[in-house]
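Spelled out from the first residue to the last, the chains are:
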Amino acid sequence: MKKKIFPIAAISWLMLFISACQSSESISVCEKIPVEVNFSSFDIKVNPDDNQTNATRASAKTAKVNRLSLKIFDSETEEIALEKNLELDSTAQDFEKVFLLIYPGDYYFVAVAHKSGSSNLPAEITSPTEVTIPIKAILPTYTSVQQAQITESASSSVSIDFGYRVTSTFVLKYTDPTPDEVEVCEIIINPLSPSFESHILDPSTGLLSEKEKVAVKYTKPIIDGTFTNIDIPVNTYLSMAEETVDIQINMKSADGTILATRTLSSVTMKQHHTTRATGRFFSDAAFTFADETANQDISVSF
């Protein structure tokens, strides 16, 4: 007679369901329902970190996110039903599934996946309309709000589809020689807007409530000793799916003195798009703008 071997995960899931069913003196019912939540479908059709265009659904590792926050809200009271924070294992490709016990009802499943940087902090989900990314640096970020009805069945499954990243990227690449005294390249998006140490987004859209200032400094590469002909990227969150921004570019000496500066005015940026500025920086050439096909790069020539 052959012995039947059950996977450990399946046994654990069965025990979770059994433990949810409690008998009282008057009636035996399953008050809470086992729910499996899985996270998938990161779309990296435009991946600024890799400087390439991919038309694919990717793993969390390929999408370059390592922290995930999940909160489940009652759709009527918006009270928190459950919450989970996950960290991507260094050897894993995707976040592990989450197994929960939850009462039947209608819920908002709010999820945020992002790259946490050196802080390793998870996103803070306050409500179905507000999340805080608790780091100043803007790194790849995905958000999702999904409504789900949990019924009195044996079990339920909820799949979180993140889709495109909610960040937008500006990339500077110039071709003329970099003066020897230039040691730092500073790029400032929305130079006249306020700057914040963290960022508050609407998870259903991934948008800010107002424009924010984003400033990033790069030190001249040690190996090549020049900024010429290299991509210099800056990620940002937007307050509209498509909006115009001003971008100030400063070339500085080691002591912070501005040696050359240019401002790109009314540059079009879009969520999950990359806006590229290419041409000669240390000249007075005029700027021209071209918006290409959706989900491809937006070109800025100068």
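Now for a quick tour of the structure. In this text, all values refer to a predicted model and were calculated from it rather than measured experimentally.

With that settled, consider the sheet that holds strand 12 (residues 130–133). Strand pairs in the sheet, formed through backbone hydrogen bonds, run parallel or antiparallel to each other. The strand order 11-12-17 describes an open sheet built from 3 strands, whose pairing is antiparallel. Edge positions in the sheet fall to strand 11 (124–127) and strand 17 (199–201), since each of these pairs with one other strand and no more. Strand-to-strand, the axes of this sheet are offset by a mean angle of 25°, without reference to chain direction. Sheet topology note: the strand 11/strand 12 ladder contains 3 bridges and is antiparallel. Residue pairing for strand 12: glutamate 124 is matched across the bridge by threonine 132.

Attention shifts here to the nonpolar core. Of all hydrophobic cores here, the largest spans 36 residues; its most connected members are Phe170, Leu172, Ile187, Ile247, Ile249 and Met251. Listing elements by their share of this core, those giving two or more residues are strand 10 (105–114), strand 12, strand 15 (168–174), strand 16 (184–189), strand 19 (232–236), strand 20 (242–252) and strand 21 (258–270). Those residues in contact with isoleucine 247 that lie beyond four places of it in its chain are Phe170, Ile187, Ile188, Ile189, Arg262, Thr263, Leu264, Val267 and Met269. In this structure, Ala63, Ile72, Leu100 and Ile102 belong to the second largest nonpolar core, which totals 27 residues.

What follows covers the environment of isoleucine 189. Within the element layout of this structure, isoleucine 189 appears in strand 16. Separated by 75 residues in the primary sequence, isoleucine 189 and leucine 264 have C-alpha atoms spaced 9.5 Å apart. Ignoring any residue separated from it by four or fewer positions in sequence, one finds isoleucine 189 in contact with Phe170, Glu212, Lys213, Val214, Val234, Thr236, Val245, Asp246, Ile247 and Met269.

So, on to the layout of surface pockets. The calculated volume of the largest pocket comes to roughly 260 Å³. Among the elements that take part in the lining of the largest pocket, strand 18 (residues 214–219) stands out by supplying 4 residues, more than any other. Considering only residue class, the lining of the largest pocket consists of 12 nonpolar, 4 polar and 4 charged. Estimates place the volume of the second largest pocket at around 170 Å³. No other element matches the 3 residues that strand 17 contributes to the lining of the second largest pocket. Split by residue class, the lining of the second largest pocket holds 5 nonpolar, 4 polar and 4 charged.

This paragraph deals with the sheet that holds strand 20. What the 4 strands build is an open sheet, ordered 18-16-20-21; its pairing is antiparallel. The sheet is open, and its two edges are formed by strand 18 and strand 21, each paired on a single side. Strand after strand, the sheet turns through a mean of 15° between neighbouring axes, direction not considered. Two strands pair when backbone bridges link them, and strand 16 and strand 20 are joined in this way by 6 bridges, in the antiparallel orientation. Among the inter-strand pairings, isoleucine 188 is bridged to a residue of strand 20, identified as glutamine 248.

Reading the values: the criteria
Residues numbered from 1 in each chain as written. Predicted model: local features only at pLDDT ≥ 70, side-chain atom pairs only at ≥ 80, totals over all residues. Heavy atoms only, no water. Pairing = 2+ DSSP bridges. Helix = DSSP H or I, 4+ residues; strand = E, 2+ residues; numbered from the N terminus. Axes fitted to C-alpha atoms, helices over the stretch in contact; angles between N-to-C directions. Core = buried A, V, L, I, M, F, W, Y, C linked by side-chain atoms within 4.5 Å. Buried < 20%, exposed > 50% of the residue type's maximum accessible area, 1.4 Å probe, protein only. Contact = heavy atoms within 4.5 Å. 1 Å grid on protein atoms, 1.4 Å probe; cavity = no way out; pocket = protein on both sides within 12 Å on 5 of 7 lines; lining within 4 Å. Points joined across faces, edges and corners; volume = space filled by probe spheres on them. Nonpolar A, V, L, I, M, F, W, Y, C, P; charged D, E, K, R; others polar.

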